[in-house]
Amino acid sequence: MVLAEISGSISRALQQMNNATVIDEKVLNDCLNEISRALLQADVQFSMVRDMQTNIKNIVNFDELAAGHNKRRIIQQAVSNELCKMLDPGKPSFTPKKGKTSVIMFVGLQGSGKTTTCTKYAYYHQKKGWKPALVCADTFRAGAFDQLKQNATKAKIPFYGSYIESDPVKIAGEGVERFKKENCDLIIVDTSGRHKQEAALFEEMRQVAEVTKPDLVIFVMDSSIGQAAFDQAQAFKQSVAVGAVIITKMDGHAKGGGALSAVATTKSPVIFIGTGEHMDEFEVFDVEPFVRRLLGMRDWSGFMDRMHEFVPTNEQTELVQKLSEGTFTFRLMYEQLQPLLKMGPAGQVLSAFGAELMAKGNEKENQVKFKRYMTIMDSMTNAELDSTNPKLMNGSRIICIARGSGRKVEDVMEMIQFYKMFAKIWSNMMKRLKVPKKGSMNA
Ligand code: GDP
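Because the structure is predicted, anything quoted here is derived from the model rather than measured.

*Asks:* Please set out the overall build of the chain residue by residue, giving values where relevant.
*Replies:* Per the secondary structure count, the chain includes 19 helices and 8 strands. In the chain, which comprises 443 residues, the proportion classed as buried is 37%. For the chain, long-range pairs separated by at least 24 residues make up 76% of all intrachain contacts whose partners lie at least 6 apart in sequence.

*Asks:* Break down the confidence of the model for the chain for me, citing the residues and quoting the values.
*Replies:* In the predicted model, the chain carries a mean pLDDT of 80, and 75% of its residues have values of at least 70. Of all helices and strands in the chain, the one with the weakest mean pLDDT is helix 15 (residues 345-353) (47), whereas strand 1 (residues 102-107) scores best (97). Per-residue pLDDT stays below 50 along residues 298-302; that stretch engages in 12 contacts with residues further than four places along the chain or on separate chains. Between residues 343-349, whose pLDDT stays under 50, and residues either more than four places distant or in other chains, the model counts 17 contacts.

*Asks:* Explain the nonpolar core to me, and be specific about the residues and the numbers.
*Replies:* Within the largest apolar cluster, 80 residues are counted, with the highest numbers of intra-cluster contacts made by L134, V135, I187, I188, V189 and F219. What I187 contacts, discounting residues up to four positions off in sequence, is T101, V103, A133, V135, V176, F179 and K180. Counting 17 residues, the second-largest nonpolar core is a separate cluster that includes L332, I401, V412 and M415.

*Asks:* So what about the pairing of strand 7 (residues 270-274)? Which residues, and what values?
*Replies:* Most of strand 7 sits out of view: 5 of its 5 residues are buried. As paired strands, strand 6 (residues 242-248) and strand 7 are joined by 3 bridges and run parallel to one another. Paired with V245 across the two strands is V270, which belongs to strand 7. In this structure, strand 7 lies alongside strand 8 (residues 282-284), joined through 3 bridges in antiparallel fashion. The residue bridging I273 from the neighbouring strand is E283, located in strand 8.

*Asks:* Which residues make up helix 2 (residues 25-41), and what are the values?
*Replies:* The end-to-end C-alpha distance of helix 2, which contains 17 residues, comes to 24 Å, matching closely the 24 Å that a straight helix rising 1.5 Å per residue would cover. Looking one or two residues beyond helix 2, the residue adopting positive phi is D43, at roughly 75°.

*Asks:* With reference to specific residues and values, describe helix 7 (residues 168-181).
*Replies:* Here helix 7 contains 14 residues, and its C-alpha end-to-end distance of 20 Å stays within 8% of the 20 Å for a straight helix at 1.5 Å per residue. Buried within helix 7 we find P168, I171, A172, G173, G175, V176 and F179. Elements that come into contact with the buried residues of helix 7 comprise strand 1, strand 2 (132-137), strand 3 (159-160), strand 4 (186-191) and helix 8 (199-212). Within two residues after helix 7, N183 carries a phi angle of roughly 60°, on the positive side.

*Asks:* For the site of the ligand, give the residues involved together with the corresponding values.
*Replies:* In the vicinity of the ligand there are 18 residues, among which G113, K114, T115, T116 and G274 approach most closely. In terms of residues, the shell around the ligand owes the most to one element, helix 5 (residues 114-127), which gives 3 residues. Grouping the amino acids of the shell around the ligand by side-chain chemistry returns no nonpolar, 14 polar and 4 charged.

*Asks:* Mind laying out the environment of R194, listing which residues take part and the relevant values?
*Replies:* On the secondary structure map, R194 appears in the loop between strand 4 and helix 8. With near-sequence residues (within four places) excluded, R194 lies in contact with L109, Q110, F140 and L201.

*Asks:* Before we move on, can you summarise the packing of helix 5 against helix 6 (residues 144-154) with the specific residues and values?
*Replies:* The interhelical angle for the contact between helix 5 and helix 6, taken along N-to-C directions, is 25°, at an axis separation of 10 Å. By the angle between their axes, helix 5 is roughly parallel relative to helix 6. Here the hand of the crossing between helix 5 and helix 6 comes out right-handed. Mapping the contact onto sequence places T115, C118 and T119 in helix 5 and A144, Q147, L148, N151 and A152 in helix 6. In terms of residue class, the contact of helix 5 with helix 6 is built from 4 nonpolar, 4 polar and no charged.

*Asks:* Go over the UniProt feature "domain: SRP54-type proteins GTP-binding" (unreviewed entry) in the chain, please, and point to the residues and values.
*Replies:* Cross-referencing UniProt, the feature "domain: SRP54-type proteins GTP-binding" (unreviewed entry) maps to residues 269-282 in the present numbering. With 0% helix and 43% strand, the stretch residues 269-282 has end C-alpha atoms that lie 16 Å from each other.

*Asks:* Quick rundown of the sheet that holds strand 6? Include the residues and the values.
*Replies:* Reading across the sheet, the 8 strands line up as 3-2-4-1-5-6-7-8 and stay open at both edges, with mixed pairing between neighbours. The outermost strands of the open sheet, each flanked by one partner alone, are strand 3 and strand 8. Helix 6 rests against strand 2, strand 3 and strand 4 of the sheet, and its axis sits at about 170° to strand 2. The strands touched by helix 7 within the sheet are strand 1, strand 2, strand 3 and strand 4, with strand 2 carrying the most contacts at an inclination of about 165°.

*Asks:* How would you explain the environment of N183 if you had to name every residue and give the values?
*Replies:* With respect to the helices and strands, N183 occurs in the loop between helix 7 and strand 4. With 10 C-beta atoms packed within 10 Å, N183 lands in the exposed category.

*Asks:* I'd like a rundown of unusual backbone geometry, residues and numbers included.
*Replies:* One non-glycine residue, N183, lies in positive phi territory at about 60°. Here K267, not a glycine, exhibits a phi torsion of approximately 50°, which is positive. Take K267: it is sitting in the loop between helix 10 (257-266) and strand 7. The exposure class assigned to K267 is partly exposed, which follows from the 13 C-beta atoms found within 10 Å.

Scoring rules and cut-offs
- Residues numbered from 1 in each chain as written.
- Predicted model: local features only at pLDDT ≥ 70, side-chain atom pairs only at ≥ 80, totals over all residues.
- Helix = DSSP H or I, 4+ residues; strand = E, 2+ residues; numbered from the N terminus.
- Buried ≥ 20, exposed ≤ 12 C-beta atoms within 10 Å, placed from the backbone.
- Contact = placed C-beta atoms within 7 Å.
- pLDDT = per-residue confidence, 0-100.
- Core = buried A, V, L, I, M, F, W, Y, C linked by C-beta atoms within 7 Å.
- Pairing = 2+ DSSP bridges.
- Expected span 1.5 Å × (residues − 1).
- Near = placed C-beta within 6 Å.
- Nonpolar A, V, L, I, M, F, W, Y, C, P; charged D, E, K, R; others polar.
- Axes fitted to C-alpha atoms, helices over the stretch in contact; angles between N-to-C directions.
- Parallel < 35°, antiparallel > 145°, perpendicular 65-115°, else oblique.
- Left-handed = near helix turned anticlockwise from the far one by under 90°.
- UniProt positions renumbered as here; feature names shortened; annotations may be inferred.

Printed below as a string of structure tokens:
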């Protein structure tokens, strides 16, 4: 079962419980069974699912719950807390510090995406002003050094490796030494993988760790390995001091359950996820938003929480008013693009609801595009800005707007196309958020 389907099953189970007139033990059991089924199908370990059920049942004690308690909320919260607990080992992983040398060793099976992830990790930090370097201590897979070299060159990241030296321990030691001397603050060591968890692989990993003395060992796991995740993570943990996990290929038909199992086994947090083959298809992993999405908890109250967090108090009432009116004018788009540029409230919400609007993983490109749209809109009349009808702008008006804004006609057409898409997503978002009708909500 892929991630989107688990999310669907879990939120359906919670919704069914929400629909029940009275919530008693049977309703709770049905709901928990449904959630457990979804998690098991997603390859979460049986013992973990069983523990989750027991914990929730302990929290939701019907005899003890005083009348008037909101049982639905308590149950939903309990499910959310339990899933967060599964994904949060309780202690953060070692966090490297910019400007201070840290050695990070990557381990994982061949094909898990280890080499790709090493470069993504380096690139992610490089963009934030770090000075990373890559060491290829994978002498087992033919072509591993070439791959790393190619990626590193593309991202302009210094690298170290050898075509002739066959001892990975020697290469790792030399590479780390060299980059320490060059004052790199993030020295990333890519180690060999094998098809299977073999003794030779683990022995080699131990030796590389001994010579490089990593501050953090990151276990890279392919999200599609399913039930095997548990054993695999355990085997790695027993050989080296795994301190964090990165799950790759979350863009594919990923079974999210493997992630839950890996965390539980290694007692290490998932710190990033890989969401594609490209260098910037790499995201920081946050437990709570992940679980909220899994539970389909993208509700109005969640949005309001976010709004309170991100929108200045004096602008909140106005935004709520606009949301409840539901009319999406060009002017409203203009206003929403401003916070989007800063990844403000609308950006936060839209990134969750309307990812289609953003060029994936390319913040810079989005920023340039949104700024261009705003410049074009600066040349529109008030009547056009306050309208929801793009047809108000006929051919000659489009030419005028293009001229006025110093852009091409195609750019204006693109902006109008973007408006249509944004308006559609906005309207869907309002439906999904179940925004109360105008006048019936408390901001
Ligand atoms: P290694 O043997 O563990 O070093 O694995 P590689 O880094 O060579 O990756 C194996 C394959 O997985 C390559 O084709 C990568 O492009 C691909 N890959 C790695 N990470 C991701 C990801 O997050 N999403 C997708 N779709 N493919 C990935």
